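Here is what each chain is made of, one letter per residue.
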Amino acid sequence: MLRLWRGKKKNPHGLSGIISMLRYFELFVMFDRMDQNDDRRLGFGEFTDALPQLEKWGVHVYYPEAQFNQIDKNGGGMILFDEFADWAIQYSLDIEDDDDDPDDDFQNFGSNLSSMHIGTLLCASFWCARGQGGPPKRMKGHFTRGRTFDYNKLAEAMPSGRSRLEFARRDEMFRLFDPNGNGYLSLAEVDKGIRDILRLDDLFDAKPAIMRAFQASKNAHKGRSRLGADYVTRSEFRLLLEYLRRYFELFVMFDRVDEGDDRRINEQEFISAGHKLEAWGLTVADLPGEFKKVDKNGGGQILFQEFCDWALEKHLSESVPP
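What you are looking at is a predicted structure, and each value in this text was computed from that prediction instead of being measured.

K.L.:
Residue-level account of the overall build of the chain, with values.
P.N.:
When helices and strands are tallied, the chain shows 18 helices and two strands. Per-residue burial for the chain yields a buried fraction of 43% across its 322 residues. Here the contacts in the chain between residues at least 6 apart in sequence split such that 66% fall between residues at least 24 apart. Here the chain displays about 17,000 Å² of accessible surface, and carbon together with sulfur accounts for 51% of that area.

So this is what it looks like as structure tokens:
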């Protein structure tokens, strides 16, 4: 039957119903191989045990727990066949040895085929994002107070390089951030991905940094789609990861200077932070004069966006010594 599927899928004018059935039959072969307990469900242990097999079928999973949670759309802690089929089709999984002898693939579960529901073979669920938790908790007090930040860990979580490995990790991460598969990321999807996929609580709490990174990366690559100007596309995702790391660091620096915890820096706070600014790479003798340069709108307060523009121009960094 798999040979028939192979032949028919090359022929777009074949019987689509038969092709669909054979495709889901192939997916059931994969599912059954992973289902060690033979209970028509996949637990997390079975999923992780099957990672080498999944790689042979065409997908390398870099984030197994996050991937498992997204496949498990109903949040029941187990992957059902229709959930697996949706995911396998999205990633174009393909049995590597199905052109040999398909009877070898099926002989171990052929006796169970009669008990299989036809609906399970012919139908796959629509993808839907699972809502989790309530609204984010509002930050109270200084963001940096009582916290330590590992910038190396943050950089490791953001595969923004151009190597094959980082490209593969980034590709999987984008798919996890984009549960509906439309190729566009909204601000809410980025926010949710930071919390549920990357699990970077400090970054998730730094909402101004997330907003600045999103605004800086969206529409960076001009496209033909009218949606591209309002969302982050796959081609802009690498920039988003870079900006998230950079603007998070700037938000930490901004908060260290903002002694009043009002999301603004007045002139006295700026001057009092002279030693910090110097440690971050600033070399200027006239701090009051520099304050006026940063305060572009002349309001007497430095806002986060103004601080970012200035700090980037001056190449200030807390993580990289001057």
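K.L.:
Residue-level account of the packing of aromatic side chains, with values.
P.N.:
Following the criterion strictly, the structure yields 24 aromatic pairs and no others. Aromatic side chains Phe 47 and Trp 87 sit 6.0 Å apart centroid to centroid with 65° between the ring planes, which places their arrangement in the edge-to-face category. Taken together, the residues Phe 47 in helix 3 (residues 44–49) and Trp 87 in helix 6 (residues 81–90) connect sequence positions 40 residues apart. Both residues of the pair, Phe 47 and Trp 87, belong to the buried class. Judged by centre distance (5.3 Å) and plane angle (80°), the ring pair of Phe 174 and Phe 237 falls under edge-to-face. Linking Phe 174 in helix 10 (residues 164–177) with Phe 237 in helix 14 (residues 237–257), this pair joins segments that are 63 residues apart in sequence. The pair Phe 174 / Phe 237 is uniform in exposure class, with both members buried. Its end group placed over the ring of Phe 204, Lys 207 keeps NZ or CZ at 3.4 Å from the ring centre.

K.L.:
Which residues make up helix 18 (residues 304–314), and what values go with them?
P.N.:
For the α-helix, the turn length of 3.6 residues means that residues three or four positions removed from each other point alike. Burial in helix 18 covers these residues: Phe 304, Glu 306, Phe 307, Cys 308, Trp 310 and Ala 311. Elements in contact with the buried residues of helix 18: helix 13 (207–217), helix 14, helix 15 (267–272), helix 16 (274–279) and helix 17 (287–294). Downstream of helix 18 by one or two residues, His 315 has phi in the positive range, about 60°.

K.L.:
Before we move on, could you go through the pattern of salt bridges and cite the residues and values that matter?
P.N.:
Counted under the stated rule, the structure contains 21 salt bridges. For Lys 73, the salt bridge goes to Asp 86, with nearest N and O atoms at 2.4 Å. Here Asp 86 lies in helix 6 and Lys 73 lies in the loop between helix 5 (64–71) and helix 6, a separation of 13 residues in the sequence. For the pair shown, Lys 73 and Asp 86 are each scored as buried. Residue Arg 175 is joined to Asp 171 by a salt bridge in which the shortest nitrogen-to-oxygen separation is 3.4 Å. Of this pair, Arg 175 and Asp 171 both sit in helix 10, separated by four residues, roughly a single helical turn.

K.L.:
A description of the nonpolar core should follow, citing residues and the corresponding values.
P.N.:
Within the largest apolar cluster, 54 residues are counted, with the highest numbers of intra-cluster contacts made by Leu 203, Leu 244, Phe 248, Phe 270 and Trp 310. For this core, the element with the most residues is helix 14, which contributes 12 residues. Core analysis: the second largest hydrophobic core is formed by 25 residues, Tyr 24, Leu 27, Val 61 and Phe 81 among them.

K.L.:
An account of unusual backbone geometry is requested, with residue identities and associated values reported.
P.N.:
Even without being glycine, Arg 40 reaches a positive phi, approximately 65°. With respect to the secondary-structure elements, Arg 40 resides in the loop between helix 2 (16–34) and helix 3. Even without a glycine there, the phi angle at His 315 is positive, about 60°. Counting through the fold element by element, His 315 comes out in the segment after helix 18.

K.L.:
Let's hear about the environment of Val 257: which residues, and what values?
P.N.:
Of note, Val 257 is situated in helix 14. Each C-alpha atom, one on Val 257 and one on Ser 272, is 8.2 Å from the other, the two residues being 15 residues apart in sequence. Beyond its immediate sequence surroundings of up to four residues, Val 257 is in contact with Ile 265, Glu 269, Phe 270, Ala 273 and Trp 280.

K.L.:
Give a description of the packing of helix 5 against helix 10 that names residues and reports values.
P.N.:
The contact between helix 5 and helix 10 brings their axes to 10 Å, and the two run at 35°. When you trace helix 5 past helix 10, the crossing you get is left-handed. Between helix 5, through Ala 66, Gln 67 and Gln 70, and helix 10, the contact on the second element is made entirely by Glu 172, Arg 175, Leu 176 and Phe 177. Partitioned by chemical class, the residues of the contact of helix 5 with helix 10 number three nonpolar, two polar and two charged.

Cut-off values and rules
- Residues numbered from 1 in each chain as written.
- Predicted model: local features only at pLDDT ≥ 70, side-chain atom pairs only at ≥ 80, totals over all residues.
- Heavy atoms only, no water.
- Helix = DSSP H or I, 4+ residues; strand = E, 2+ residues; numbered from the N terminus.
- Buried < 20%, exposed > 50% of the residue type's maximum accessible area, 1.4 Å probe, protein only.
- Contact = heavy atoms within 4.5 Å.
- Areas by Shrake-Rupley, 256 points an atom, 1.4 Å probe, with all protein chains shown as cover.
- Phe/Tyr/Trp six-rings, centres within 6.5 Å; stacked < 30°, edge-to-face > 60°.
- Lys NZ or Arg CZ within 6 Å of the ring centre and 35° of its normal.
- Salt bridge = Lys/Arg side-chain N within 4 Å of Asp/Glu carboxyl O.
- Core = buried A, V, L, I, M, F, W, Y, C linked by side-chain atoms within 4.5 Å.
- Axes fitted to C-alpha atoms, helices over the stretch in contact; angles between N-to-C directions.
- Left-handed = near helix turned anticlockwise from the far one by under 90°.
- Nonpolar A, V, L, I, M, F, W, Y, C, P; charged D, E, K, R; others polar.

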